[in-house]
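What follows is each chain in one-letter form.
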Amino acid sequence: MPSRMDDVMRLCCDLSAHQQIKVAVKNSSKGAAVAGGTAFIGGLLAGPPGLAVGGAVGGLLGCWMTSGQFKPLPQILLELPPHQQQKLYTDVMSVLGSVDWTDVAQLIALVMGNATLQQQVTATLLSYITKELRAEVRYGD
């Protein structure tokens, strides 16, 4: 069983690398804390105008802190803990159904050679990433 799970994880990595999928786990709470903190400090120091300026500066600072944190999806997949890999494996296996393979190279060839299956596995992978990891998805560079 672990061998088949490794094969499916490798398939997901190859498929996402081929499509240049990048993801970012959202850090909205960090950005919100920075925006709220600077608005509060601005309000304490300069009253209502300081509140407005502090909120604007904090919003920009929070945006800057959380932007540019996209990583290639294969990197994210390799960092998943075992229980999350198992969940992804189960989801992908529901798409693969009765597809039979002997090694990872054959599995990748089977999926990449079948546009419908490739699209279904990609959709399952993206659904997992957005729902389970609550990540934002981006294609290309």
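For the structure, check the block above.
Please read all numbers here as calculations on a predicted model, not as lab measurements.

Cut-offs used in this document
Note that residues are indexed from 1 along each chain, following the sequence as it is written. Totals for whole chains, interfaces and linings use all residues, but because this is a predicted model, local features are given only for residues with pLDDT of at least 70 and pairs of side-chain atoms are given and counted only at 80 or more. Each side-chain value is derived from all of the structure's non-hydrogen atoms; neither hydrogens nor water enter the calculation. Helix numbers and strand numbers start at the N terminus; a helix is a DSSP run of H or I with at least 4 residues, a strand a run of E with at least 2. The span expected for a helix works out to 1.5 Å for each residue beyond the first. Buried residues are those whose accessible area, probed at 1.4 Å on protein chains only, stays under 20% of the maximum for their type, while exposed residues exceed 50% and partly exposed ones sit between those limits. Contacts described as polar in this section are N or O atom pairs within 3.5 Å, which, within protein, must combine one atom able to donate a hydrogen with one able to accept it, while residues neighboring in sequence count only if both atoms come from side chains. To get an axis, a line is fitted to the C-alpha atoms, and for a helix only the part in contact is used. The angle between two axes follows their N-to-C directions and goes from 0 to 180 degrees. When describing relative orientation, an angle under 35 degrees is termed roughly parallel and one over 145 degrees roughly antiparallel, while 65 to 115 degrees is termed roughly perpendicular and anything else oblique. Every residue pair with non-hydrogen atoms within 4.5 Å of one another is taken to be in contact. We define the nonpolar core as a collection of buried residues of types Ala, Val, Leu, Ile, Met, Phe, Trp, Tyr and Cys that are connected through side-chain atoms lying within 4.5 Å of one another. Ring geometry is summarised as follows: Phe, Tyr and Trp rings, the Trp one being its six-membered ring, pair when their centres sit within 6.5 Å, and such pairs are stacked at plane angles under 30 degrees, edge-to-face over 60 and tilted between the two. Two limits define a charge over a ring: the Lys NZ or Arg CZ must be within 6 Å of the ring centre, and within 35 degrees of the ring normal. Each patch groups residues whose relative accessible area exceeds 30% and which form no salt bridge, using 9 Å between like charges and 5 Å between nonpolar side chains of Val, Leu, Ile, Met, Phe, Trp and Tyr. Surface accessibility follows the Shrake-Rupley procedure with a 1.4 Å probe radius. Residue values consider only the protein chains on display as shielding. Here a salt bridge means any side-chain nitrogen of Lys or Arg lying within 4 Å of a carboxyl oxygen belonging to Asp or Glu. In this description, a disulfide is simply a cysteine sulfur pair whose atoms lie within 2.5 Å.

Novice: Please explain helix H6 (residues 115-131) as it appears in this structure.
Specialist: Turn by turn, an α-helix covers 3.6 residues, leaving residues three or four places apart pointing in a common direction. Helix length check: H6, at 17 residues, gives a terminal C-alpha distance of 24 Å against a target of 24 Å (1.5 Å per residue), a fit within 8%. Of the residues making up H6, those classed as buried are Leu117, Gln118, Val121, Thr122, Thr124, Leu125, Leu126, Tyr128 and Ile129. The N-cap residue of H6 is Asn114: its side-chain oxygen and the backbone nitrogen of Thr116 are 3.1 Å apart.

Novice: Just to check I follow, could you spell out helix H4 (residues 82-96) for this structure?
Specialist: Over its 15 residues, H4 runs 20 Å from end to end, which matches the ideal 21 Å to within 8%, given 1.5 Å per residue. Along H4, the residues classified as buried are Gln85, Leu88, Tyr89, Asp91, Val92, Met93 and Leu96.

Novice: Just to check I follow, could you spell out the packing of helix H5 (residues 104-112) against H6 for this structure?
Specialist: Packed helices, taken two at a time, are described by the angle between their axes plus the distance between the axes. Two numbers describe how H5 lies on H6: the axes approach to 6 Å, and their chain directions differ by 105 degrees. Compared by their axis directions, H5 and H6 come out roughly perpendicular. Mapping the contact onto sequence places Leu110, Val111 and Met112 in H5 and Leu117, Gln118 and Val121 in H6.

Novice: What's the story with the nonpolar core in this structure? I'm lost.
Specialist: Note that soluble globular proteins tend to have their nonpolar side chains buried in a common cluster. If you look at the biggest cluster of nonpolar residues, it comprises 30 residues, and the most contacted ones within it are Val8, Leu73, Leu77, Leu88, Leu96 and Ile129. Elements represented by at least two residues in this core include exactly helix H1 (2-18), strand E1 (21-25), helix H3 (73-78), H4, H5 and H6. Other than its neighbours up to four places away in sequence, Leu96 contacts Val8, Trp101, Leu107, Val111, Leu117 and Val121.

Novice: I keep staring at the packing of aromatic side chains and nothing clicks. Help me out?
Specialist: For any two aromatic rings, the description comes down to two numbers: the centre-to-centre distance and the angle of the planes. Applying the stated criterion across every chain yields a total of zero aromatic pairs. Here the guanidinium or amino end of Arg4 rests over the ring plane of Trp101, the centre of that ring lying 3.7 Å away.

Novice: Please explain a nonpolar patch on the surface as it appears in this structure.
Specialist: A cluster of nonpolar side chains, namely Phe40, Ile41, Leu44 and Leu45, defines an oily patch on the protein surface of about 490 Å² accessible area. Its location among the elements puts Leu45 in helix H2 (residues 28-66).

Novice: It is not clear to me how the state of the cysteines should be interpreted in this structure. Could you clarify?
Specialist: A disulfide bridge is the covalent bond that connects two cysteines by way of their sulfur atoms. Per the stated rule, a full pass over the model turns up zero disulfides. In this structure Cys12 is a free cysteine whose sulfur lies 7.1 Å from that of Cys13, the closest cysteine sulfur available. On the basis of relative accessibility, which here comes to 0%, the residue Cys12 falls in the buried class.

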